[in-house]
Number of protein chains: 4
Amino acid sequence: MANTFGRLFRLTTWGESHGGGVGVVVDGCPPRLELTEADIQPDLDRRRPGQSKIVSSRKESDTVQILSGTFEGKTLGTPISLWVRNEDARPEAYSEMATKFRPSHADYTYQVKFGIRNWQGGGRTSARETIGRVAAGAIARKILRERYGVEVLACVQQVQRIMARIDPEAVKLKDIEANMVRCPDPVAAGKMIRLVEGARKAGDTVGGIVLGVARGVPPGWGEPVFDRLEADLAKAMLSLPASKGFDIGSGFDGILLTGTQHNDPFRARGGKVYTTANRSGGIQGGISNGQTIYFRVAFKPVATVMVEQETVDVNFRNATLKARGRHDPCVLPRAVPMVEAMTALVLMDHALRHKAQCE
Amino acid sequence: MANTFGRLFRLTTWGESHGGGVGVVVDGCPPRLELTEADIQPDLDRRRPGQSKIVSSRKESDTVQILSGTFEGKTLGTPISLWVRNEDARPEAYSEMATKFRPSHADYTYQVKFGIRNWQGGGRTSARETIGRVAAGAIARKILRERYGVEVLACVQQVQRIMARIDPEAVKLKDIEANMVRCPDPVAAGKMIRLVEGARKAGDTVGGIVLGVARGVPPGWGEPVFDRLEADLAKAMLSLPASKGFDIGSGFDGILLTGTQHNDPFRARGGKVYTTANRSGGIQGGISNGQTIYFRVAFKPVATVMVEQETVDVNFRNATLKARGRHDPCVLPRAVPMVEAMTALVLMDHALRHKAQCE
Amino acid sequence: MANTFGRLFRLTTWGESHGGGVGVVVDGCPPRLELTEADIQPDLDRRRPGQSKIVSSRKESDTVQILSGTFEGKTLGTPISLWVRNEDARPEAYSEMATKFRPSHADYTYQVKFGIRNWQGGGRTSARETIGRVAAGAIARKILRERYGVEVLACVQQVQRIMARIDPEAVKLKDIEANMVRCPDPVAAGKMIRLVEGARKAGDTVGGIVLGVARGVPPGWGEPVFDRLEADLAKAMLSLPASKGFDIGSGFDGILLTGTQHNDPFRARGGKVYTTANRSGGIQGGISNGQTIYFRVAFKPVATVMVEQETVDVNFRNATLKARGRHDPCVLPRAVPMVEAMTALVLMDHALRHKAQCE
Amino acid sequence: MANTFGRLFRLTTWGESHGGGVGVVVDGCPPRLELTEADIQPDLDRRRPGQSKIVSSRKESDTVQILSGTFEGKTLGTPISLWVRNEDARPEAYSEMATKFRPSHADYTYQVKFGIRNWQGGGRTSARETIGRVAAGAIARKILRERYGVEVLACVQQVQRIMARIDPEAVKLKDIEANMVRCPDPVAAGKMIRLVEGARKAGDTVGGIVLGVARGVPPGWGEPVFDRLEADLAKAMLSLPASKGFDIGSGFDGILLTGTQHNDPFRARGGKVYTTANRSGGIQGGISNGQTIYFRVAFKPVATVMVEQETVDVNFRNATLKARGRHDPCVLPRAVPMVEAMTALVLMDHALRHKAQCE
């Protein structure tokens with residue numbers, strides 16, 4: 001049950017790094033939406049390895065195929081099955097992983113949980129699992145854009161200590177895509193790229209922060225109590241590989257203010273309500289208030305480093321391990337489409353939930 | 001559907017601030033567990049207002065009653081219905097809320113979502129809703145402690161700029177409960193209390209950070225992909241009123257390290273695997289690794305302040321509002337049992353899920 | 001998890017025969033619906049024991065109380081908590097049940113499943129559990145009637161060998177309620193009542209068939225594959241105490257026809273499509289086709305008989321048992337509101353599901 | 001959401017009759033189970049068309065491929081993705097279906113629900129959808145057999161008026177598979193085959209009853225209230241194409257008995273409890289009692305007949321239609337593996353649920 005996300009717009013991902021491929025089944029998609037592979041492939045291309053010199057060099061075209069759920073270019077309202085074949089399967093590159101657990105990876109925990117694991121390329125723990133999410137997210141983003149006028153974006157805000165200045169209200173896709181690190185602040189982007197290149201040369205990795213943004217969300221999406229919009233976003237983000245933290249609006253910094261400083265005053269103009277500040281991050285009491293939603297996601301430096309590390313083997317004896325798989329010095333540029341996808345999936349689900357109960 | 005949490009150990013909360021009371025139905029609790037109101041009341045007492053001079057002065061005894069699911073002091077395996085009557089119902093104190101939206105509260109978003117709201121005491125948005133969570137969490141904590149040897153704790157780590165030093169491996173309940181702010185560092189606690197008292201006098205509020213800890217969780221709990229243990233914890237925490245952020249292990253600070261610095265080396269001793277650092281926060285790939293789980297939750301300064309603020313009325317005209325309800329200058333001491341409860345509920349659910357699939 | 005029904009219009013029931021009462025939490029109810037206890041009580045009165053000489057003489061007023069989810073007589077969109085106190089608690093009448101399993105009851109299976117059971121009045125297996133269903137169903141029926149023009153009815157079609165002639169298209173509530181057995185065919189009703197009275201005098205019980213009807217369901221409700229409308233109805237009906245079978249439209253009798261005889265021809269008139277026969281029972285491919293939905297539910301003779309029977313005791317030794325609890329010679333008149341409630345709950349859920357995905 | 005079944009052992013099916021194929025994702029399967037395509041293919045062979053002269057002549061090898069979830073022949077505990085390519089895609093055979101609705105099919109209801117449909121071969125309404133169920137069911141049956149000693153069987157009990165005598169306690173797979181109609185009573189089988197051949201020659205179809213049996217289910221599986229074992233079985237069976245009814249144990253016939261005649265007396269022998277009759281059908285109060293589970297499923301004569309029928313076209317004008325697709329005169333022999341699969345899926349799910357809460 002761990003492999004399904006969403007209540008009304010639901011996706012179920014499947015697949016290991018090595019095997020028949022990876023895929024996703026999307027259930028609950030509204031009918032009569034125009035949809036072909038061309039709507040999905042661009043986001044997969046932004047997610048795939050090998051797209052630039054600062055990300056993993058694994059060679060995969062990640063070509064998506066729609067197996068069901070559409071007819072003559074339109075959705076049927078039946079499950080949409082999407083499939084991406086595995087290509088760069090090099091089990092030999094991972095042979096040492098058969099006998100040793102990579103530090104800060106999921107090798108050990110999978111072994112202890114399931115008593116078995118596919119050690120080839122990380123198996124199910126591979127970031128290839130996110131292909132299904134990004135593919136499903138592309139569908140959700142399209143519906144949000146076309147039917148609701150909602151724009152979902154993400155970008156890199158910080159790499160290690162290098163911080164960019166980004167205005168959630170104004171940031172544009174073309175500025176994000178203008179450089180390989182997906183940071184819309186060109187000065188910071190240049191520094192970030194040099195930092196990642198240095199890490200790559202050292203066989204090391206760096207982490208940072210991705211900013212997620214949703215503009216144009218109408219007031220009223222989200223739910224009280226457990227399924228607050230920010231709670232579902234937090235879960236979505238913490239379900240991404242290598243993520244370690246989430247905050248929304250003023251977030252961890254908001255605690256430095258007092259209540260009188262922190263509150264967002266309401267104002268009205270022309271029969272419309274807005275706030276003159278947005279420390280709430282567009283959500284109040286779990287429900288969107290019509291302002292821009294923005295949040296941060298912290299990603300740790302990825303665990304696969306090209307230097308020898310202490311670890312244990314599958315017989316629980318001390319050992320050392322030097323990774324030989326593909327080196328991904330900074331997950332952040334590829335995490336951007338993942339954050340967008342998960343954001344769109346959460347919003348799409350809540351759009352349908354709101355419609356069901358309240359419209 | 002927003003009012004149910006968990007898959008196998010499930011709770012459904014109900015109730016508004018003013019009305020017949022608040023309650024919770026717990027479904028999926030194992031049978032034959034000894035359980036009476038005395039197992040639940042202490043946590044409710046730690047959550048209730050009026051327990052000290054630095055929290056809300058609302059007068060509620062919050063006495064819990066078990067309506068079903070037990071027989072001769074033991075659980076039956078059937079739904080446990082818990083009920084707490086409302087006592088301090090003073091609708092007149094909230095009459096201005098009938099016509100104006102409190103800034104950074106959920107009044108506006110509820111109104112726009114549902115087209116109706118119970119404005120008395122915040123209705124469903126009142127923190128009284130968390131009574132059901134704390135009551136259910138007390139049951140989960142008892143099972144975790146008695147059947148699995150798992151200890152769940154939380155404490156206040158930071159109030160505004162005052163930070164305490166706390167070791168997740170060593171922190172003890174009695175040190176947490178030694179002062180009214182629930183911070184186990186007595187020096188920091190003293191400063192925090194003075195800060196909160198100052199805020200209270202000013203009619204203002206302060207926020208901060210609660211640290212959550214789970215010790216003794218066996219390796220293997222949690223799931224890959226969407227229902228990662230940290231993802232479910234993130235959702236649980238962001239579903240709490242006034243929470244704005246969550247991070248686990250090294251969290252937002254971990255991004256300052258490189259991969260080689262950040263990885264937790266595995267070591268083995270006596271056939272047991274452990275890590276010599278715990279930047280992972282006890283979870284790897286979504287699954288517990290046997291180390292202590294610890295995470296931070298950011299709570300904003302609560303929105304109800306006793307000073308006049310700009311807002312709009314229900315007719316979407318500009319207005320001002322000065323709150324007259326109970327003033328809660330710092331939610332953190334009362335958030336501690338809420339964080340514990342949600343942590344226990346997530347762990348209990350995953351304990352059962354692990355048992356179902358993998359044992 | 002066994003105690004929750006529905007996906008979007010969800011109810012969770014709780015409570016044992018003896019204890020604090022029985023209740024239900026309804027989640028997902030649309031806001032702004034007028035709702036007071038007076039909308040619910042009439043259906044509970046039709047369900048309660050003691051309403052006539054042919055049903056159980058247990059004395060319960062079954063007075064419902066709304067604890068949450070409404071404000072000034074309207075639903076809030078938050079969970080509606082409904083509670084009915086237990087009154088006629090006579091544990092002494094059941095003392096022999098503490099040590100012996102009643103044949104064809106759930107005493108033995110509960111004991112073996114949970115290792116514990118509340119033997120007083122059957123505990124959770126008591127038909128009192130259906131109070132929550134009928135209360136929630138009353139809300140669903142009201143919404144179906146007022147917002148969708150859908151009428152849900154049920155009536156007794158057969159008691160043992162006595163069959164009534166009933167036209168699903170024409171049957172009226174007032175004819176159903178015209179007699180204590182709830183059979184709209186007055187001649188058959190008279191025979192049924194005499195049959196039940198004879199059974200009661202003999203300390204025995206009789207079973208039969210309840211016909212369920214839903215008129216005015218628009219075409220398009222229901223879903224392909226697993227959650228077909230008839231599949232959800234079947235589950236709903238087989239979840240009622242004492243039910244043993246379900247069929248829809250031509251049902252078990254339809255197998256005597258060939259395909260050419262069985263198919264329902266489509267015809268069109270004034271831009272509207274209808275069928276000239278309705279062997280489909282109003283559902284095709286899991287989805288309503290706009291014709292009247294009708295189905296049968298078989299109820300066995302209830303297991304509590306006032307004569308000595310062979311059984312075993314809790315130590316798994318052979319024994320005999322003569323029931324001393326309330327005698328309910330025929331469950332059918334009280335099953336009528338249960339069938340109506342479950343039908344309404346299934347339809348309401350699918351109405352919301354259809355709205356979410358397809359409207 | 002209509003395309004997922006089960007809570008802990010979950011399957012999600014996808015695919016249309018014409019398109020990339022059909023498939024299923026199985027989530028929640030226990031790890032370390034030996035599993036290859038050879039465990040699944042035999043059940044698919046029993047389900048596929050063209051296997052005998054009395055079923056559909058559509059030519060499909062229905063060869064299953066495992067795309068994920070296993071490693072070196074064993075399950076990983078991750079989602080198992082199974083795929084069967086479509087081969088006999090002849091959209092031209094169905095061209096008239098593009099403009100007319102087949103009577104008693106789902107063409108009209110899909111069109112009205114979704115506003116679009118894949119008319120080629122019935123699209124999602126094709127019986128090909130059941131491939132995913134049978135494949136998933138084969139996995140469940142294997143686990144039930146190997147880990148729990150539970151045997152799941154089904155067979156044809158009645159075709160139109162021809163009834164077989166079958167003892168649920170004794171019926172054997174080899175006797176079921178001894179003839180093409182899958183009826184273990186050889187005399188009745190012969191008559192049934194002749195009847196079906198007659199229907200085939202006439203371009204007509206016949207329906208009947210499949211008997212489902214589960215032997216060796218331990219006492220304690222199932223749940224009180226909504227998810228009773230018989231309720232989940234009823235839903236499972238009514239979700240199969242062409243099914244119209246379900247009853248368990250004494251079922252619809254049980255209503256002819258009185259309570260004293262109908263009750264199953266308990267007896268004990270050697271510390272074990274059993275019943276001397278089994279009118280309960282192996283389930284009491286929604287929970288298995290250790291006796292053999294048996295139930296009936298009514299299947300209507302399939303709607304595709306080779307004779308001209310009245311219908312309407314997509315513009316809602318009266319028309320006539322003579323089907324030109326593959327003729328399947330009797331769905332029953334192919335329904336047998338479907339009933340087995342759904343039975344196994346329900347039992348497997350409840351086995352895990354029981355383990356989670358009660359073991």
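Bear in mind that the values here come from a model prediction, so they are computed numbers and not experimental data. (Residues numbered from 1 in each chain as written. Chains lettered and ligands numbered in written order. Predicted model: local features only at pLDDT ≥ 70, side-chain atom pairs only at ≥ 80, totals over all residues. Heavy atoms only, no water.)

**Description of the overall build of chain A**
Stage number 1. Looking only at helices and strands, chain A features eight helices and 18 strands.
Stage number 2. Taking 2.2 N^0.38 as the reference for a compact globule, 359 residues should give roughly 21 Å; the C-alpha atoms of chain A span a radius of gyration of 21 Å, in line with that estimate.
Stage number 3. With the C-alpha coordinates of chain A rotated into their principal frame, the extents come out at 65 × 50 × 35 Å.
Stage number 4. The buried share of chain A, reckoned over its 359 residues, is 72%.
Stage number 5. Within chain A, counting contacts between residues at least 6 apart in sequence, those at least 24 apart form 71% of the total.
Stage number 6. Carbon and sulfur atoms make up 49% of the accessible area of chain A, which amounts to about 10500 Å² in all.
Stage number 7. With 49 positive and 39 negative side-chain charges, chain A shows a spacing of 2 Å between the two charge centroids. (Helix = DSSP H or I, 4+ residues; strand = E, 2+ residues; numbered from the N terminus. Rg over C-alpha atoms; globule rule 2.2 N^0.38 Å. Buried < 20%, exposed > 50% of the residue type's maximum accessible area, 1.4 Å probe, protein only. Contact = heavy atoms within 4.5 Å. Areas by Shrake-Rupley, 256 points an atom, 1.4 Å probe, with all protein chains shown as cover. Lys, Arg positive; Asp, Glu negative; His and termini not counted. Charge placed at Lys NZ, Arg CZ, Asp CG, Glu CD.)

**With respect to the sheet that holds strand β9 (residues 162–163) of chain A**
Stage number 1. Taken together, the ten strands give an open sheet; going across it, the order is β9(A)-β8(A)-β10(A)-β16(A)-β11(A)-β11(B)-β16(B)-β10(B)-β8(B)-β9(B), and neighbouring strands pair in antiparallel fashion. Single-partner strands in this sheet number two, and they are β9 of chain A together with β9 (162–163) of chain B.
Stage number 2. Two strands pair when backbone bridges link them, and strand β10 (residues 208–215) of chain B and strand β16 (residues 293–299) of chain B are joined in this way by seven bridges, in the antiparallel orientation. Residue pairing in the sheet places alanine 214 of chain B in a bridge with isoleucine 293 of chain B of β16 of chain B.
Stage number 3. The sheet strands contacting helix α5 (residues 186–201) of chain B are β8 (151–159) and β9 of chain B, and the helix crosses β8 of chain B at an angle near 60 degrees. (Pairing = 2+ DSSP bridges. Axes fitted to C-alpha atoms, helices over the stretch in contact; angles between N-to-C directions.)

**Digging into the interface of chain B and chain D**
Stage number 1. Each side of the interface is counted separately: chain B has 15 residues, and chain D has 15 residues.
Stage number 2. Per-residue buried area on chain B facing chain D is highest for Lys355, Ala356 and Gln357 of chain B; these three make up 47% of the total on that side.
Stage number 3. Our count for the chain B to chain D interface comes out at zero salt bridges.
Stage number 4. Our count for the chain B to chain D interface comes out at six residue pairs in polar contact (both at pLDDT 80 or more). (Buried area = accessible area lost by both parts, 1.4 Å probe. Salt bridge = Lys/Arg side-chain N within 4 Å of Asp/Glu carboxyl O. Polar contact = N/O pair within 3.5 Å; in protein donor to acceptor, adjacent residues only side chain to side chain.)

**Considering the pairing of strand β3 (residues 22–27) of chain C**
Residue and element names in this part refer to chain C.
Stage number 1. For β3, the buried fraction is high: six of the six residues fall into the buried class.
Stage number 2. Burial of the side chains of β3 extends over both faces: Val22, Val24 and Val26 are buried on one face and Gly23, Val25 and Asp27 on the other.
Stage number 3. Judged from the six bridges that link them, strand β2 (residues 10–15) and β3 form a sheet pairing that is antiparallel. Across the sheet, residue tryptophan 14 finds its bridge partner in β3, namely glycine 23.

**So, the confidence of the model for chain A**
Stage number 1. Per-residue pLDDT for chain A has a mean of 95; in total, 98% of the residues score no lower than 70.
Stage number 2. Here the prediction assigns the complex a pTM of 0.97, and the interface score ipTM is 0.97. (pLDDT = per-residue confidence, 0-100.)

**A short note on the interface of chain B and chain A**
Stage number 1. Taken together, the contacts link 102 residues of chain B with 102 residues of chain A.
Stage number 2. Both faces considered, chain B and chain A share a buried interface measuring about 8700 Å² in area, 62% of it formed by carbon and sulfur atoms.
Stage number 3. Per-residue buried area on chain B facing chain A is highest for Lys113, Phe226 and Lys244 of chain B; these three make up 10% of the total on that side.
Stage number 4. For the pair chain B and chain A, the interface holds six salt bridges.

**Some points on the state of the cysteines**
Stage number 1. Overall, the coordinates contain zero disulfides over all chains when judged by the stated rule.
Stage number 2. Summary of cysteine pairing: cysteine 330 of chain A is not part of a disulfide, and the nearest cysteine sulfur, belonging to cysteine 183 of chain A, is at 11 Å. (Disulfide = S-S within 2.5 Å.)

**Some details on the nonpolar core**
Stage number 1. Residues Ile139 of chain A, Ile139 of chain B, Ile139 of chain C together with Ile139 of chain D are the most contacted members of the largest nonpolar core, which totals 368 residues.
Stage number 2. The contacts of isoleucine 139 of chain A, once residues within four sequence positions are left out, are Phe9, Val26, Cys29, Leu33, Leu35, Ile40, Ile80 and Leu82 of chain A.
Stage number 3. Counting residues in each nonpolar core, the second largest holds ten residues, with Cys358 of chain A, Ala106 and Tyr110 of chain B together with Leu76 of chain C among its members. (Core = buried A, V, L, I, M, F, W, Y, C linked by side-chain atoms within 4.5 Å.)

**A look at the relation of the copies chain B and chain D**
Stage number 1. For the pair chain B and chain D, the best superposition has an RMSD of 0.0 Å and corresponds to a rotation of 180 degrees with a translation of 0.0 Å parallel to the axis. On this basis, the relationship between the two copies can be described by a two-fold rotation axis. Among all residues of chain B, the one whose C-alpha sits closest to the rotation axis is alanine 356 of chain B, at a distance of 2.3 Å.
Stage number 2. A symmetric contact is evident, with 100% of the interface residues of chain B recurring at the interface of chain D. (Least-squares fit on C-alpha atoms with pLDDT ≥ 70 in both.)

**Details of the pattern of salt bridges**
Stage number 1. Under the defined criterion, the tally for this structure stands at 120 salt bridges over all chains.
Stage number 2. A salt bridge links arginine 279 of chain C to aspartate 264 of chain C; its shortest N-O distance comes to 3.8 Å. In this pair, arginine 279 of chain C is assigned in the loop between β13 (272–275) and β14 (283–284) and aspartate 264 of chain C in the loop between α7 (259–262) and β12 (266–269), connecting sequence segments 15 residues apart.
Stage number 3. Its relative accessible area of 24% is what places arginine 279 of chain C among the partly exposed residues.
Stage number 4. Take aspartate 264 of chain C: its relative accessible area is 0%, and that puts it in the buried class.
Stage number 5. We note a salt bridge from aspartate 313 of chain C to arginine 317 of chain C, for which the minimum N-O separation is 3.3 Å.
Stage number 6. Classification of aspartate 313 of chain C as buried rests on a relative accessible area of 10%.
Stage number 7. Ionic contacts of the salt-bridge type, sharing partners, join the residues Arg7, Glu223, Asp227, Asp232, Asp349 and Arg353 of chain A together with Lys235 of chain B into one network.

**Remarks on the relation of the copies chain B and chain A**
Stage number 1. The operation relating chain B to chain A is a screw motion whose rotation component is 180 degrees, with 0.0 Å of axial translation and a residual RMSD of 0.0 Å.
Stage number 2. Comparing interface residues between copies, 100% of those in chain B also sit at the interface in chain A, which points to an isologous, same-surface contact.

**With respect to the packing of helix α6 (residues 229–238) of chain B against helix α8 (residues 332–358) of chain B**
All names here are of chain B.
Stage number 1. Close contact between α6 and α8 brings their axes to 9 Å; oriented N to C, the two are set at 145 degrees. Judged by the twist between their axes, the crossing of α6 over α8 is right-handed. Facing Leu229, Asp232, Leu233, Ala236 and Met237 of α6, the residues of α8 in contact are Val339, Met342, Thr343, Val346, Leu347, His350 and Arg353.
Stage number 2. Counted by class, the contact of α6 with α8 contains eight nonpolar, two polar and two charged residues. (Left-handed = near helix turned anticlockwise from the far one by under 90°. Nonpolar A, V, L, I, M, F, W, Y, C, P; charged D, E, K, R; others polar.)

**Some remarks on the side chain of aspartate 227 of chain C**
Stage number 1. Mapped onto the elements of the fold, aspartate 227 of chain C is located in the loop between β10 (208–215) and α6 (229–238).
Stage number 2. A polar contact is formed between the side chain of aspartate 227 of chain C and the side chain of arginine 353 of chain C, at a distance of 2.5 Å.

**Notes on the packing of helix α8 (residues 332–358) of chain A against helix α8 (residues 332–358) of chain C**
Stage number 1. In contact at an axis separation of 8 Å, α8 of chain A and α8 of chain C are set at 135 degrees when each is read in the N-to-C sense. On the basis of their axis angle, the class for α8 of chain A and α8 of chain C is oblique. In terms of crossing hand, the pair formed by α8 of chain A and α8 of chain C is right-handed. Across from Leu352, Lys355 and Ala356 of chain A in α8 of chain A, the residues of α8 of chain C making contact are Leu352, Lys355 and Ala356 of chain C.
Stage number 2. A class-by-class count of the residues in the contact of α8 of chain A with α8 of chain C yields four nonpolar, no polar and two charged. (Parallel < 35°, antiparallel > 145°, perpendicular 65-115°, else oblique.)

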